[in-house]
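Commentary on secondary and tertiary structure
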Amino acid sequence: MLKFIDGGVCAPTGFKAAGVHCGIRKGKTKKDLALIVSDVPANAAAVYTQNLVKAAPIYVTQQNLQNGKATAVVCNSGNANTCNADGMEKAFAMCELTASALNISASDVLVASTGVIGQPLDLEPIRAGIPALVSELSTSGGASAAEAIMTTDTFAKEVAVEIEIDGTPVKIGGIAKGSGMINPNMATMLGFLTTDAKAESDVLASILKNAADISFNRVSVDGDTSTNDTLTIMANGKSGVKISPKTAAYEQFEEALKGVCVALAKMLAKDGEGATKLIECVVSGAPDVKSAELVADSVINSPLVKTAMFGNDANWGRILCAIGYAGARLDVNSIDVAIKSVAGSVLVCQNGAGVAFSEEDALSILQCDEVIIDIALNQGDYGATAWGCDLSYDYVKINGDYRT
């Protein structure tokens, strides 16, 4: 059982953060510029969107991470800096402005942006806001940074855990944002992780990919993969605990990082644009892992399943339909489906066919803000879990006038 603690990205020793409103969002007071800084140069790694259209900050971060080192992460919200002719220039400039204020090398700064695609990024608010951002850096600034990276999110997302490795405390913290343009088979939306463990960048990269694969890569809100998705991790080694492959410490650390990522991923799914509930699809009894993943992703992505969940309708036929076109080779006559929540559990399908169930019980279960779709394929020993949300009227409203 993981021990969750307060502090977010500032929980690990040697990290500070801040978030300020600099004016990227005209006429608003919402924080729109975030900064996370390690007291010492850290080993770092990242994973990115698989969309062929990538934001300029991704290319700059990839270039700056070639040596596997980073000291800071700067991120703006309100503008994606994507598909702009001067995007690279602006992303490099954000690194340079941040580095100058921190008295570090620009190549030690990772950069990210989120917001509207295709609108030129005005550097002046960022240039003016950096001094205040740096002056507000503190060990209690994680929540402020989490707020500053939000776009259509309705709440800030931050998590931290503490584990003990060989008698020494090791902490991992993280913040993330994302409510729309979220779909499996990518990195994540925007996520920034910190740890005071000591690990080489290639080790971090391997662990980070594994953690993303079972968390952020299992989330879907609307079936769209963003152009800006970035997940980074910085390890400054302040705890003195080294994480090396094929050791018990490695296994402990990886499990803890996965726990942080899963917790953040579930927050992202629950806060999907216009969502009223978190949907968790749990698949078991698959002939192989890939089949389990295909089924879980297909169900969580289905617009018809999502709308049924919004309407509190136990329309299990839509779930079977989504399983059928998932692309997995299955015997559909062996499948059982149950719908669960804190209100109880109801079996709605057995051996690929409907069974009698209480519509009143099903309604009570579906009216909860967290619902589990439990699918037993009964054809093997493998499983997978994916997270998503319902699809409401408000999703269309939010995205219909997103730019305006």
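Quick caveat: nothing in here was measured; it's all calculated off a predicted structure.

What follows is about the overall build of the protein. Along its length, the protein carries 11 helices and 16 strands. Scaling as 2.2 N^0.38, a compact globule of 404 residues should have a C-alpha radius of gyration of about 22 Å, and the protein matches this with 22 Å. A buried classification covers 56% of the 404 residues belonging to the protein. Side-chain charges in the protein split into 31 positive and 45 negative, and the spacing between the mean points of these groups amounts to 5 Å.

Looking at the protein, the pLDDT average stands at 92 and 95% of residues meet or exceed 70. pLDDT under 50 marks residues 184-188. Its contacts with residues more than four places away, or in other chains, come to 27 contacts.

Within a sheet, each strand pairs with its neighbour through backbone hydrogen bonds, oriented either parallel or antiparallel. On the basis of which strands lie adjacent, the open sheet formed by seven strands has the order β9-β16-β11-β15-β12-β13-β14 and mixed pairing. In this open sheet, the two strands that pair with only one neighbour each are β9 (219-220) and β14 (353-354). Judged from the five bridges that link them, strand β12 (residues 336-341) and strand β15 (residues 370-376) form a sheet pairing that is antiparallel. Paired with Lys 340 across the strands is Ile 372, a residue of β15.

The topology assignment puts Ser 302 in the loop between α7 (289-301) and α8 (303-310). A polar side-chain atom of Ser 302 sits 3.1 Å from the main-chain amide nitrogen of Val 305. When sequence neighbours within four positions are dropped, the list of residues in contact with Ser 302 reads Ala 322 and Tyr 325.

Let us now look at helix α3 (residues 123-135). Taking 1.5 Å of rise per residue, the 13 residues of α3 would be expected to cover 18 Å, and the 19 Å separating its terminal C-alpha atoms lies within 8% of that figure. Where α3 bends most, at Gly 129, the angle is about 40 degrees, and the proline Pro 131 comes one to four residues later. Those residues of α3 lying buried are Leu 123, Pro 125, Ile 126, Gly 129, Ile 130, Leu 133 and Val 134. In this structure, the buried side of α3 is in contact with β2 (15-20), β3 (33-48), β4 (69-79) and α2 (87-102). Structurally, the start of α3 carries an N-cap: the backbone nitrogen of Glu 124 is 3.0 Å from a side-chain oxygen of Asp 122.

Membership of the largest hydrophobic core comes to 41 residues, with the highest contact counts inside it found for Leu 193, Phe 216, Ile 243 and Leu 257. Listed by contribution, the elements that provide at least two residues to this core are β3, β6 (157-165), β7 (168-177), α5 (201-213), β10 (230-235) and α6 (248-270). Among the elements that take part in this core, α6 stands out by supplying 13 residues, more than any other. Residues Ile 279, Ile 300, Val 346 and Cys 349 belong to the second largest nonpolar core, which totals 33 residues.

Where α5 meets α6, the axes come as close as 9 Å, and the angle between the chain directions of the two elements is 45 degrees. Between α5 and α6, the angle is such that the two are oblique. Between α5 and α6 lies a crossing whose hand is right-handed. Contact residues: Val 203, Ser 206, Ile 207, Leu 208, Asn 210 and Ala 211 in α5; Tyr 250, Phe 253, Glu 254, Leu 257, Lys 258 and Cys 261 in α6.

Most of the time, phi is negative for any residue but glycine, and the peptide bond is trans. Positioned with a positive phi, Asn 103 is a non-glycine residue whose angle comes to about 60 degrees. Inspection of the secondary structure assignment puts Asn 103 in the loop between α2 and β5 (109-116). A residue is classified by how much of its surface remains accessible, and Asn 103, at 71% relative accessible area, is exposed. In this structure, Asn 312 takes a positive phi of about 55 degrees despite not being glycine. Positionally, Asn 312 belongs in the loop between α8 and α9 (316-324). Looking at Asn 312, the relative accessible area reads 22%, which means it is partly exposed.

The next thing to look at is the side chain of Ser 291. With respect to the helices and strands, Ser 291 occurs in helix α7. Setting aside residues no more than four positions away along its own chain, Ser 291 makes contact with Ala 286 and Ala 328.

This brings us to the environment of Ala 112. Its location among the elements puts Ala 112 in strand β5. In sequence terms Ala 112 and Asp 153 are 41 residues apart; their C-alpha atoms lie 17 Å from each other. Discounting residues that sit within four places of it in the chain, Ala 112 has contacts with Pro 57, Val 74, Cys 75, Asn 76, Met 94, Leu 190 and Phe 192.

What follows covers the environment of Asn 315. Within the secondary structure layout, Asn 315 lies in the loop between α8 and α9. Overall, Asn 315 belongs to the partly exposed group, its relative accessible area being 29%. Taking the C-alpha atoms as reference points, Asn 315 and Leu 304, separated by 11 residues in sequence, lie 9.1 Å from one another.

Let us look at the pattern of salt bridges. Considering all chains together, one arrives at 14 salt bridges under this definition. Its salt-bridge partner being Arg 127, residue Glu 124 comes within 3.4 Å of it at the nearest N-O pair. Remark: Arg 127 and Glu 124 occur in helix α3; sequence separation between them is three residues, near one turn of the helix. The exposure class assigned to Glu 124 is partly exposed, which follows from its relative accessible area of 46%.

An α-helical segment advances 3.6 residues per turn. Residues three or four places apart therefore align on the same side. The complete set of buried residues in helix α1 (residues 56-64) reads Ala 56, Pro 57, Ile 58, Val 60, Thr 61 and Asn 64. For α1, the secondary structure elements touched by its buried residues are β3, β4, α2, β5 and β10.

Moving on, we come to the packing of aromatic side chains. Overall, the coordinates contain zero aromatic pairs when judged by the stated rule. Above the ring of Phe 155, the side-chain terminus of Lys 157 is found at 4.3 Å from the ring centroid.

How each quantity is defined
Residues numbered from 1 in each chain as written. Predicted model: local features only at pLDDT ≥ 70, side-chain atom pairs only at ≥ 80, totals over all residues. Heavy atoms only, no water. Helix = DSSP H or I, 4+ residues; strand = E, 2+ residues; numbered from the N terminus. Rg over C-alpha atoms; globule rule 2.2 N^0.38 Å. Buried < 20%, exposed > 50% of the residue type's maximum accessible area, 1.4 Å probe, protein only. Lys, Arg positive; Asp, Glu negative; His and termini not counted. Charge placed at Lys NZ, Arg CZ, Asp CG, Glu CD. pLDDT = per-residue confidence, 0-100. Contact = heavy atoms within 4.5 Å. Pairing = 2+ DSSP bridges. Polar contact = N/O pair within 3.5 Å; in protein donor to acceptor, adjacent residues only side chain to side chain. Expected span 1.5 Å × (residues − 1). Bend = angle between axes of the 7 residues up to and from the residue. Core = buried A, V, L, I, M, F, W, Y, C linked by side-chain atoms within 4.5 Å. Axes fitted to C-alpha atoms, helices over the stretch in contact; angles between N-to-C directions. Parallel < 35°, antiparallel > 145°, perpendicular 65-115°, else oblique. Left-handed = near helix turned anticlockwise from the far one by under 90°. Salt bridge = Lys/Arg side-chain N within 4 Å of Asp/Glu carboxyl O. Phe/Tyr/Trp six-rings, centres within 6.5 Å; stacked < 30°, edge-to-face > 60°. Lys NZ or Arg CZ within 6 Å of the ring centre and 35° of its normal.

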